[in-house]
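Each chain, written out:
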Amino acid sequence: MHDFFKSFRFKAILVLIAFLIGVMIFAVTKGGYSLSGASVVNTVTKPFKSISNTIALKIEANLDKITNATEYYNENQRLRDQIGMLNDKLADYHEKTAELEELRKYLGIKDKHEDMVLSEPCKVIGFTANDPFKSFIIDKGSDNGIKPYCPVITTEGLVGITVEVSADTSVVRTLLSPDLSIAAVSVNSGDTGIVEGTISLAMDNRTKLIHVPKENGLSVGQLITTTDNSGLFPRGYSIGTVTETGVDTSGLSSYAVIKPAVRIEKLTSVMVVTDFNGKDSSYYEN
Amino acid sequence: MRIKTTREKRILIVKTTFRWFLYLLIVFLCFITMNAGTFMRPMLLIPVALCISSNTGEFRSAIIGAVCGFMIDLSCDKLLGYNAVILCIFCVIISLSYSLILRHRLANTLIITAVVSTIQGVLDYNFYYDIWGYENSSLILKKYTFPVIALTTASAVVVYAVFSLINKFLMPKPHLTIEEAIKNYEE
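Residues numbered from 1 in each chain as written. Chains lettered and ligands numbered in written order. Predicted model: local features only at pLDDT ≥ 70, side-chain atom pairs only at ≥ 80, totals over all residues.

Once that is clear, we can look at the overall build of chain B. Assigned secondary structure in chain B consists of seven helices and two strands. Overall, chain B shows an N-to-C arrangement of helices and strands of β-α-α-α-α-α-α-β-α. Taken along the three principal axes of its C-alpha coordinates, chain B extends 70 × 30 × 30 Å. In chain B, buried positions account for 42% of the 187 residues. (Helix = DSSP H or I, 4+ residues; strand = E, 2+ residues; numbered from the N terminus. Buried ≥ 20, exposed ≤ 12 C-beta atoms within 10 Å, placed from the backbone.)

Looking now at the interface of chain B and chain A. With 39 residues of chain B at the contact, the number on the chain A side is 44 residues. Secondary-structure elements contributing two or more residues to the side of chain B that touches chain A are α1 (6–33), α3 (58–76), α4 (82–100) and α6 (138–170) of chain B. Counting residues per element, the side of chain B that touches chain A draws most heavily on α4(B), at eight residues. Per-class residue counts for the side of chain B that touches chain A are 26 nonpolar, eight polar and five charged. (Contact = placed C-beta atoms within 7 Å. Nonpolar A, V, L, I, M, F, W, Y, C, P; charged D, E, K, R; others polar.)

On to the packing of α4(B) against helix α5 (residues 106–128) of chain B, then. Residues and elements named next belong to chain B. Two elements in contact, α4 and α5, have axes whose closest approach is 11 Å; the angle formed by their N-to-C orientations is 155°. If you check the angle between α4 and α5, you find them roughly antiparallel. In this structure, α4 meets α5 at a crossing whose hand is right-handed. Here Asn83, Ile86, Phe90 and Ile94 of α4 lie close against α5, whose contacting residues are Ile112, Val116, Gln120 and Leu123. The residue makeup of the contact of α4 with α5, split by class, is six nonpolar, two polar and no charged. (Axes fitted to C-alpha atoms, helices over the stretch in contact; angles between N-to-C directions. Parallel < 35°, antiparallel > 145°, perpendicular 65-115°, else oblique. Left-handed = near helix turned anticlockwise from the far one by under 90°.)

A word on the pairing of strand β10 (residues 223–226) of chain A. Residues and elements named next belong to chain A. Where strand β7 (residues 181–186) and β10 come together, three bridges link them in antiparallel fashion. Residue pairing across strands places Ser186 opposite Ile224, the latter belonging to β10. Here three bridges tie β10 to strand β11 (residues 238–247), and the two strands are oriented antiparallel to one another. Each bridged residue has a counterpart across the sheet, and for Leu223 the counterpart in β11 is Thr241. (Pairing = 2+ DSSP bridges.)

Before going further, it helps to spend a moment on the sheet that holds β11(A). Residues and elements named next belong to chain A. Read around the closed barrel, six strands run β7-β8-β9-β12-β11-β10, paired in antiparallel fashion. This sheet shows a mean twist of 40° between the axes of neighbouring strands, independent of strand direction. Pairing analysis gives seven bridges linking β11 to strand β12 (residues 254–260), with the strands arranged antiparallel. For Val247, the partnering residue across the bridge sits in β12 and is Ser254.

Let us now look at the environment of Gly193(A). Residue and element names in this part refer to chain A. Note on placement: Gly193 falls in strand β8 (residues 192–196). Note: C-alpha distance between Gly193 and Leu209 (16 residues apart in sequence) is 5.9 Å. What Gly193 contacts, discounting residues up to four positions off in sequence, is Ala184, Leu209, Ile210, His211 and Val212.

Moving on to helix α2 (residues 8–28) of chain A. Helix length check: α2(A) (21 residues) gives 31 Å between terminal C-alpha atoms against 30 Å at 1.5 Å per residue, within 8%. When we look at burial in α2(A), the residues that qualify are Ile13(A), Leu20(A) and Val23(A). Along the long axis of α2(A), the arc covered by the buried residues comes to 70°, so they all point the same way. For α2(A), exposure combined with an orientation more than 90 degrees from the buried face picks out Phe8(A), Lys11(A), Leu14(A), Val15(A), Ala18(A), Gly22(A), Ile25(A), Phe26(A) and Val28(A). As for α2(A), its buried residues are in contact with α3 and α4 of chain B. (Expected span 1.5 Å × (residues − 1). Arc of directions from axis to C-beta.)

Take the confidence of the model for chain B next. Residues and elements named next belong to chain B. Per-residue confidence for chain B averages 89 on the pLDDT scale, and 95% of its residues sit at or above 70. In the model of chain B, strand β1 (residues 2–4) stands out as the element of lowest mean pLDDT, 60, in contrast to helix α2 (residues 45–53), which has the highest, 95. Reported for the predicted complex are a pTM of 0.73 and an ipTM of 0.75. (pLDDT = per-residue confidence, 0-100.)

Our next topic: the packing of α5(B) against α6(B). Residue and element names in this part refer to chain B. α6 packs onto α5 with a crossing angle of 155° between their chain directions and a minimal axis gap of 9 Å. Our classification of the angle between α5 and α6 gives roughly antiparallel. Where α5 crosses over α6, the two elements pack in a sense that is right-handed. Residues Leu106, Thr109, Leu110, Thr113, Ala114, Ser117, Thr118, Gly121, Val122 and Tyr125 of α5 form the contact with α6, whose own contacting residues are Ile140, Leu141, Thr145, Val148, Ile149, Thr152, Thr153, Ala156, Val157 and Tyr160. Here the contact of α5 with α6 is composed, by residue class, of 12 nonpolar, eight polar and no charged.

What follows is about the pairing of β8(A). Residues and elements named next belong to chain A. Note: β7 against β8, five bridges, orientation antiparallel. Bridge assignment links Ala184 to a residue of β8, and that residue is Gly193. In this antiparallel pair of consecutive strands, β7 and β8, the connection spans five residues, and Gly190 shows a positive phi of 75°. Relative to strand β9 (residues 207–212), β8 is paired through three bridges, and the arrangement is antiparallel.

Structural data, given as structure tokens:
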């Protein structure tokens, strides 16, 4: 042992550890961009990860069928009842459709988002290992015009934001994460707040609208969308619906539990918004 | 000690090369499966790095630890180099321990994997969740860190079996060259 500490090998190991710490410190200063070495590894392993993820998702789906057979049977029964109920409601369908059209006009989401410049559809090639906030890796990176902190969306709603961009891949932080704050508004009541994930809600695929004024009109089922306050997200994009409301433990403000419009754990492809009206360019300067 | 012939030397080189090829293949396979699916999974690269370290010298162990650590950083989206430093240090310690005091036994591998993955998991929890003061951060410890430690320790059984098999057929036996045998005899 004494010889080891005096040996050249020991000094070489110390140099290696110092180098690794140097890499770590350098990585901190990269501002969301991967180191070139990591980029190369990501590029080389991209097809393998993609294949591996496809296989794993298929296995998961089959295991899910086997392990949750009773649950699916019960769900099937429940859905049959629901179909009967929905048939009754079909009579009101046309009336509701007209109402929905009215609402769509009011929201005007699609029209208002003509300003958005979208990337090509990005395939989800893997999920970050053991991440409670379900961040994932997509197969497009800086070569496709993606930068750190670009919003990530699907047709259903907002998913999250790019946080680490390599040449060919990017890591997406989801709206379940407490590290992502999104300025949001209730379409119905106009109450504003900040959408921010929490650990306990993330495990249930939910997120939270916080800092809502105590006097508010929030109620279950209301649609929550982005506002243009931050310059980080396009205005009026769907985040999710309210499933629960309450008053903060401090008693100074209210909160709402949000069910995201997107099922993050089932995502297979997304799009990245590379530009939009009202974007604050300072986020993208490096 | 047996005396090593020229033919045996050649076989030794081929076996060693093939053994390292298999080691690196296992590391690569573990890396690409780390991001597959959304289910909770063991940190396979930890027992793999430790098993390789238990069979190699300190410097190679340090390199293997750093490589596996970098791969964990990439898979888990951690600060690049964070797990590399941790595994590099542990792999050197494990390599020294096996050359001085420990024997190749499943129990040793299990204990070492449990200790290293617990330290890695708890450090990860502290640096990535606890110190930031997230609400209910202890849930991470309960629902992610401890189950992952348990899965990683359990996976060490399979990893140990695979490496034992590889080493059984490809690990060089203690040999001497004719020159070394003569020198020993003269001494």
